[in-house]
Amino acid sequence: MRYSLFAIAGLALALLVQPASAHGPTRQKVTVKTTVAAPPDEVWAAIGNFQDMSWHPAVHSSTGENGNAIDATRVLTLGEEGGPTISEVLYKYSAEKRSYSYRITDVKVEVLPVTNYSSHLTVRPAGSGSEVEWRGAFYRGYPNNDPPPELNDEAAVAAVKGVYEAGLQALQERFGASN
């Protein structure tokens with residue numbers, strides 16, 4: 001009887017220790033904010049239509065279906081006609097709160113080195129202007145251990161941060177920076 005209790009305790013300990021030694025991807029998060037010198041309704045009019053992402057300098061064109069309704073879809077063509085695409089679906093939308101949330105449903109990791117990506121865009125009053133916040137959560141492009149450098153956590157964070165910063169910089173150029 002004593003031997004079986006020790007064996008069970010040893011097995012339980014081995015099972016508890018095993019996951020601690022495993023390392024895999026962890027969910028990464030990026031939040032980028034900027035303030036612009038335009039009222040929130042004006043900024044929202046420029047970026048609040050899920051079907052129109054022409055305000056972002058990397059987006060050549062966007063096409064989609066179902067406007068701003070939940071489960072609406074869009075396909076962003078990047079760079080130029082025939083460029084790489086990103087397919088997305090809208091899962092939350094509030095014109096009243098000036099915010100929407102969406103997920104990527106299809107993208108090649110060579111285009112954006114992420115998987116399981118979701119994002120949230122919000123416009124809020126800030127002084128005499130607006131604060132625009134863009135945040136996302138995702139996993140790196142390589143889901144297994146020991147990812148290549150171009151698909152690791154750092155590459156994923158840098159790529160998403162670059163997308164957000166480019167978009168928010170374009171809004172500052174369009175509306176003016178706010179202090």
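Refer to the structure presented above.
Below is a summary of the structure that appears in this document. What you see is a predicted model, and the numbers here were worked out from it, not measured in a lab.

## Regarding the overall build of the protein
Reasoning step 1: Scanning the protein from terminus to terminus reveals three helices and seven strands.
Reasoning step 2: Per-residue burial over the protein gives 40% buried out of 179 residues.
Reasoning step 3: Relative to all contacts within the protein whose residues are 6 or more apart in sequence, the contacts with residues 24 or more apart total 51%.
Reasoning step 4: Summed over its atoms, the accessible surface of the protein is roughly 10200 Å², and 54% of this surface lies on carbon and sulfur atoms.

## Looking at the sheet that holds strand E6 (residues 114-126)
Reasoning step 1: Spatially, the seven strands line up as an open sheet ordered E1-E7-E6-E5-E4-E3-E2, and their pairing is antiparallel. Both edges of this open sheet fall to strand E1 (28-36) and strand E2 (59-65), since each of them pairs with a single strand only. Sheet twist, expressed as the mean angle between neighbouring strand axes with direction ignored, is 20°.
Reasoning step 2: Here E1 runs beside strand E7 (residues 129-140); their pairing, made up of nine bridges, is antiparallel. Across the sheet, residue valine 32 finds its bridge partner in E7, namely tryptophan 134.
Reasoning step 3: Sheet strands in contact with helix H2 (residues 40-47) are E1, strand E4 (85-94), strand E5 (99-106), E6 and E7, and its direction is about 150° off that of E6.
Reasoning step 4: Running over the sheet, helix H3 (residues 153-175) touches E1, E6 and E7 and is turned about 15° from E1.

About the thresholds
- Residues numbered from 1 in each chain as written.
- Predicted model: local features only at pLDDT ≥ 70, side-chain atom pairs only at ≥ 80, totals over all residues.
- Heavy atoms only, no water.
- Helix = DSSP H or I, 4+ residues; strand = E, 2+ residues; numbered from the N terminus.
- Buried < 20%, exposed > 50% of the residue type's maximum accessible area, 1.4 Å probe, protein only.
- Contact = heavy atoms within 4.5 Å.
- Areas by Shrake-Rupley, 256 points an atom, 1.4 Å probe, with all protein chains shown as cover.
- Pairing = 2+ DSSP bridges.
- Axes fitted to C-alpha atoms, helices over the stretch in contact; angles between N-to-C directions.

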